[in-house]
2 protein chains.
Amino acid sequence: MSHSQAGLGAAHASSRAAILDLIRASGTISRVELTRATGLTAATISTVVRRLIDDGLVLEVGRAESTGGKPRMLLELDPLARYAVGVHLDHAGITYVIANLGGAIVARWKRPGAGSDDPREVVARIGGEIAATVARVGVDPARLLGLGVVSPGPISAFTGMTLTPPVMQAWTEFPLAAALEDAVGLPVLLDNDATAAAIGEYWSGGITSGAAFAALYMGTGIGAGIIVDGTVYRGSSSNAGEVGHICVDLDGPPCWCGSVGCVEALAGPAAVVAAARDAGVELPGRGVSEDFAVLARAAARGEEQPMRILRRSARYVGVAAQTLANVLDLELVVLTGPAFALAGSLYVPEVERRLAQSFFARGSHPVRVAISTNAPEAAAVGAAALVLQSELAPRQAGMRMPERSLEVPTGT
Amino acid sequence: MSHSQAGLGAAHASSRAAILDLIRASGTISRVELTRATGLTAATISTVVRRLIDDGLVLEVGRAESTGGKPRMLLELDPLARYAVGVHLDHAGITYVIANLGGAIVARWKRPGAGSDDPREVVARIGGEIAATVARVGVDPARLLGLGVVSPGPISAFTGMTLTPPVMQAWTEFPLAAALEDAVGLPVLLDNDATAAAIGEYWSGGITSGAAFAALYMGTGIGAGIIVDGTVYRGSSSNAGEVGHICVDLDGPPCWCGSVGCVEALAGPAAVVAAARDAGVELPGRGVSEDFAVLARAAARGEEQPMRILRRSARYVGVAAQTLANVLDLELVVLTGPAFALAGSLYVPEVERRLAQSFFARGSHPVRVAISTNAPEAAAVGAAALVLQSELAPRQAGMRMPERSLEVPTGT
DNA sequence: GTGGCATTCTTAAGCAAGTGAACAAAGTAA
DNA sequence: TTACTTTGTTCACTTGCTTAAGAATGCCAC
């Protein structure tokens, strides 16, 4: 299984990526619409699309209604053309996902977490898991684009492809990506959970390609992945979107990050569980995620105390969303991750309310709020989408030049 | 005075812009360094630089030390090659600036504000002011690239080139840009003060081209301009950076924007002045900006009450800076605008302290804090820089493709 | 049907940005 | 002086894209 087998030539790299991304975002689209959307000429679209069809990535799926002349040929991504594997490493467990080009989940399974095992052993185990499932579900290995691996917390940009604390101290100096590339025989990408979840949402959530949106991810902590114009915004050291550690109360409680009044310290799962325990709610006490799940279920049943505690958390999450929206002028905030998967029905209305009432540019446009369709496995799905994105649409930025450089930017 | 006269061909548009930007950022640089920094080949650099020299934008200013072979030829921007006019419209007054390519101020003057005059009259007045001063200081009109106009508050993206409330209600439906283009005979750009201040800082502050940084602007309100990789981040409706209206206190005072606990409502000039008056500090009462100036001077003299009030404001500004830095993973925050020009010595240490102690990724890299060298006229200088940027470096985004697409991003 | 006509899509010639390779230029080291 | 190193330019060639022409495929009037 070679790396380049499923790879694609660099020809037409940027337009190819943009066109592919538009096809993905639209679901179904014609060449004519692509010319309008990209600003390229019909001739270029024709040749690039021809190439995409020859590569098997795109299918012609019928004709549109005629508008007086030759009817347009409709194009779609071939969801079965390529696949990617996504892995979410967490102390709670390892979640695996195999996704296809359409962002649909082909296989999904869970295994116990790495614990304190030797990294090399864990890598071998992961390799075995993937090989076995790929064979079992009958995915052609030649169509596997790569493996995305995601974990909470920042990825080390310096030591090259290793995970850093806070979560998995044993792994600090282990060259995870290289080891996995050897074990799995696929290119490997690392990233953090929130960023991956954002790309996952972008890829499988049918989000329009020009949008500025953020995925608020609540798992162990609270983070956000930011996507602008189809590319991840990473900031200067890949630590952008740390919305869990913005201060919303100068006199708030201390946070593990060293600051006080952080959103995470006030509204994160650990804080919620602690507040519930202080309030006398009975919880199993076998870890924060399980306790949070119990609490969320109690709130869903309408129990007073749990609802009150989660609503308080939701208020702060709303502030985090509002902050993101004000700073980045977002169109959309997606709530995702295990915590919102469990308690989304409580959080969504509160976040919606806050954005409707307090988003600064609300007069100009609203900020939509949505809950991810894959919230529980968002990180793993995102890990797979990371690979799809980087292999199929590694574009730098938008490709339209403004018609004239000296004009007021006319954002939507 | 035609528009295209000083314009530049679109040839080599993107690399040309990137190279020009690198020369600007470095001050002095050689072709070899440009090849390294851009990733382009020596051949390309050679031809593009040749063109820049032919256009008169760049000068060869001597040789570097030999490193064993032919010494490098050093390149610099010719600051006198082009000029731009910047205008800052505010109710307090109209500030004019003529800046050269180096971002240096060639002329600077102030006139009373527009008041309730007829927009057409004001436009004529502005045109006269500019023509007179251009003639007086001896700037060759053919070298004038354009006119940047800046005002507080958002720019209307819909009605096309007009100012919107909150500030200048009379101007809502007036086609300012078109009218000014006619009156001045130059291309006109509109933007808001914070964004312009950020570009101004980028252009004249010698900021490295790859940086992610924000300019915190405190004038009438509090806003921020965000620059990533040499381009303004505007968000989906050009309202990004509204850091004055992030919530830092859920139970805080109401803000004119309709929310509560906004940074601006707690720490903006109006809030500071109001707090001072409540505390019994004597102020002239002829407008917020003058009252703020009196207060800042009193604090600079060491008066207890004013210092206490400004420090409280500085704490919130620190939180705003921290929020920006956490969300965007910034390397640098520049404080600018009239308010920081007056009271920067009080605000800078507080913001520095907060970022050093509470920026989430402080383990990875620090966030530098600086005060603008042009803080009082930052908006007007930025207006001029807006023109320089858009005429000379209208690039879309960074131009380096990663060596290999499947790798962890290795931000600095 | 058959010939307009509109629209979509493809093909062919040409332009321009960028590359690789050869070479010219300007210094240092023996 | 000769050899070597580094810098900078020239030139043939690739490639992404455009313009222009034409082919394909529908509708509609007759």
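Scoring rules and cut-offs
Residues numbered from 1 in each chain as written. Chains lettered and ligands numbered in written order. Predicted model: local features only at pLDDT ≥ 70, side-chain atom pairs only at ≥ 80, totals over all residues. Heavy atoms only, no water. UniProt positions renumbered as here; feature names shortened; annotations may be inferred. Helix = DSSP H or I, 4+ residues; strand = E, 2+ residues; numbered from the N terminus. Buried < 20%, exposed > 50% of the residue type's maximum accessible area, 1.4 Å probe, protein only. Areas by Shrake-Rupley, 256 points an atom, 1.4 Å probe, with all protein chains shown as cover. Near = heavy atom within 4 Å. Polar contact = N/O pair within 3.5 Å; in protein donor to acceptor, adjacent residues only side chain to side chain. Pairing = 2+ DSSP bridges. Expected span 1.5 Å × (residues − 1). Arc of directions from axis to C-beta. Salt bridge = Lys/Arg side-chain N within 4 Å of Asp/Glu carboxyl O. Contact = heavy atoms within 4.5 Å. Axes fitted to C-alpha atoms, helices over the stretch in contact; angles between N-to-C directions. Nonpolar A, V, L, I, M, F, W, Y, C, P; charged D, E, K, R; others polar. Phe/Tyr/Trp six-rings, centres within 6.5 Å; stacked < 30°, edge-to-face > 60°. Lys NZ or Arg CZ within 6 Å of the ring centre and 35° of its normal. pLDDT = per-residue confidence, 0-100. Core = buried A, V, L, I, M, F, W, Y, C linked by side-chain atoms within 4.5 Å.

With an unreviewed UniProt entry as reference, chain A is termed Sugar kinase, source organism Cellulomonas chitinilytica. Recorded under Sequence similarities (unreviewed entry), the UniProt text for chain A is reproduced unchanged: "Belongs to the ROK (NagC/XylR) family."

We now examine the overall build of chain A. Scanning chain A for helices and strands turns up twelve helices and 15 strands. Buried residues in chain A amount to 56% of all 412 residues. Just so you have it, chain A exposes about 15,900 Å², and 52% of that area is on carbon and sulfur atoms.

Before going further, it helps to spend a moment on the protein's contact with DNA strand D. What surrounds DNA strand D is a group of 26 residues, the closest being A:Ser15, A:Thr44, B:Ser46, B:Arg72 and B:Met73. In DNA strand D, atoms within 4 Å of the protein come from the sugar-phosphate backbone in 80% of cases. One of the side-chain nitrogen or oxygen atoms of A:Thr44 is found 2.5 Å away from a phosphate oxygen of DNA strand D. The contact in question runs from a phosphate oxygen of DNA strand D to an N or O atom on the side chain of B:Arg31, over 3.4 Å.

Turning our attention to the pairing of strand E12 (residues 222-228) of chain A. All names here are of chain A. Burial of E12 is extensive: six of the seven residues sit out of reach of the surface. Note that strand E11 (residues 212-218) and E12 share seven bridges and pair antiparallel. Paired with alanine 214 across the strands is isoleucine 226, a residue of E12. Hairpin remark: E11 followed by E12, antiparallel, with three residues in the connecting loop.

All names here are of chain A. Compared with an ideal rise of 1.5 Å per residue, which puts 13 residues at 18 Å, helix H3 (residues 42-54) spans 18 Å between its outermost C-alpha atoms and is within 8% of the ideal. All buried positions along H3 are accounted for by Ile45, Val48, Val49, Leu52 and Ile53. With its buried residues spanning 140° around the axis, H3 presents them on a single face. For H3, the exposed residues set more than 90 degrees away from the buried face come down to Ala43 and Asp54. One or two steps after H3, the chain reaches glycine 56, where phi turns positive at roughly 80°.

Looking now at the pattern of salt bridges. Residues and elements named next belong to chain A. Tallying each qualifying case throughout the model produces 22 salt bridges over all chains. Arginine 24 is paired through a salt bridge with aspartate 21; the nearest N and O atoms lie 2.9 Å apart. Here arginine 24 and its partner aspartate 21 are both found in helix H1 (residues 13-26), three residues apart, which amounts to about one turn of the helix. Among the residues examined, arginine 24 registers a relative accessible area of 8% and is labelled buried. A relative accessible area of 1% means that aspartate 21 is categorised as buried.

Take helix H8 (residues 269-278) of chain A next. Each full turn of the α-helix corresponds to 3.6 residues, which orients residues three or four apart in the same direction. All names here are of chain A. Within the span of H8, buried status applies to Pro269, Ala271, Val272, Val273 and Ala276. Buried residues along H8 sit against E11, helix H7 (263-267), helix H9 (288-300), helix H10 (304-328) and helix H11 (338-358). Downstream of H8 by a residue or two, glycine 280 has a phi angle that is positive, lying close to 90°.

Now for the sheet that holds strand E7 (residues 144-151) of chain A. Residues and elements named next belong to chain A. Pairing in this open sheet of five strands is mixed, and the strands run E6-E5-E4-E7-E10 from one edge to the other. The sheet is open, and its two edges are formed by strand E6 (105-111) and strand E10 (188-192), each paired on a single side. Across the sheet, the axes of successive neighbouring strands diverge by a mean angle of 15°, strand direction being ignored. In terms of strand pairing, strand E4 (residues 83-90) meets E7 through five bridges, oriented parallel. The residue of E7 that forms the bridge with tyrosine 83 is leucine 144. Across the face of the sheet, helix H6 (residues 193-204) comes into contact with E4, E7 and E10 while running at roughly 110° to E10.

Turning to the side chain of B:Thr35, a few remarks are in order. Residues and elements named next belong to chain B. Structurally, threonine 35 is set in helix H2 (residues 31-38). Residue threonine 35 is classed as buried on the basis of its relative accessible area, which comes to 16%. In this structure the side chain of threonine 35 is engaged in a polar contact, spanning 2.3 Å, whose partner is the backbone oxygen of valine 32. Leaving out residues up to four positions away in the same chain, threonine 35 has contacts with Leu40, Thr41, Ala42 and Ile45.

Looking now at the protein's contact with DNA strand C. Near DNA strand C there are 26 residues, and of these A:Ser46, A:Arg72, A:Met73, B:Ser15 and B:Thr44 occur at the shortest range. Sugar plus phosphate: this is where 78% of the atoms of DNA strand C within 4 Å of the protein reside. Within the side chain of B:Thr44, an N or O atom sits 2.6 Å from a phosphate oxygen of DNA strand C. Secondary-structure elements contributing two or more residues to the surface near DNA strand C are helix H2 (31-38) and H3 of chain A together with helix H3 (42-54) of chain B. For the surface near DNA strand C, the leading source of residues is H3(A), giving four residues. Here the surface near DNA strand C is composed, by residue class, of nine nonpolar, eleven polar and six charged.

Here the focus is the sheet that holds strand E7 (residues 144-151) of chain B. All names here are of chain B. The mixed open sheet is built from five strands, whose spatial order is E6-E5-E4-E7-E10. The open sheet terminates on both sides in strands that have one partner only, identified here as strand E6 (105-111) and strand E10 (188-192). On average, each strand axis in the sheet is tilted by 15° relative to the strand beside it, whichever way the strands run. Bridge count for strand E4 (residues 83-90) against strand E5 (residues 93-100) is eight bridges, and the pairing is antiparallel. Within E5, the residue paired with valine 87 across the bridge is tyrosine 96. Along the sheet, helix H12 (residues 378-392) makes contact with E4, E5, E6, E7 and E10, crossing E4 at roughly 135°.

On to unusual backbone geometry. In terms of backbone geometry, most residues other than glycine have negative phi values and most peptide bonds are trans. For A:Ser238, which is not glycine, the phi torsion reads 60° and is therefore positive. In this structure A:Ser238 comes out as buried when scored by relative accessible area, which is 15%.

What follows deals with the packing of aromatic side chains. Taken as a whole, this structure holds eight aromatic pairs over all chains when the rule is applied. Each ring, one from B:Phe340 and one from B:Tyr347, has its centre 5.1 Å from the other, and the planes form 80°; the classification is edge-to-face. Residue B:Phe340 shares its accessibility class with B:Tyr347, and that shared class is buried. Positioned above the aromatic ring of A:Tyr202, the side-chain terminus of A:Arg24 is 4.1 Å from the ring centre.

Here we come to the environment of A:Gly252. All names here are of chain A. Looking at where glycine 252 falls in the secondary structure, it is placed in the loop between strand E13 (231-232) and H7. Along the chain, glycine 252 and alanine 265 lie 13 residues apart, while their C-alpha atoms are 8.4 Å from each other. Every residue in contact with glycine 252, bar those within four places of it in the chain, is listed here: Val260 and Gly261.

We now examine the confidence of the model for chain A. Residues and elements named next belong to chain A. Residue-level pLDDT values for chain A average 86, and 86% of them are 70 or greater. Counted against residues more than four places away or in other chains, residues 1-12, with its pLDDT under 50, gives 27 contacts. Note on residues 397-412: pLDDT under 50 across the span, and 42 contacts to partners over four residues away in sequence or across chains.

Membership of the largest hydrophobic core comes to 108 residues, with the highest contact counts inside it found for A:Leu216, A:Tyr347, B:Leu216, B:Leu324 and B:Tyr347. The element contributing the most residues to this core is H10(A), with 13 residues.

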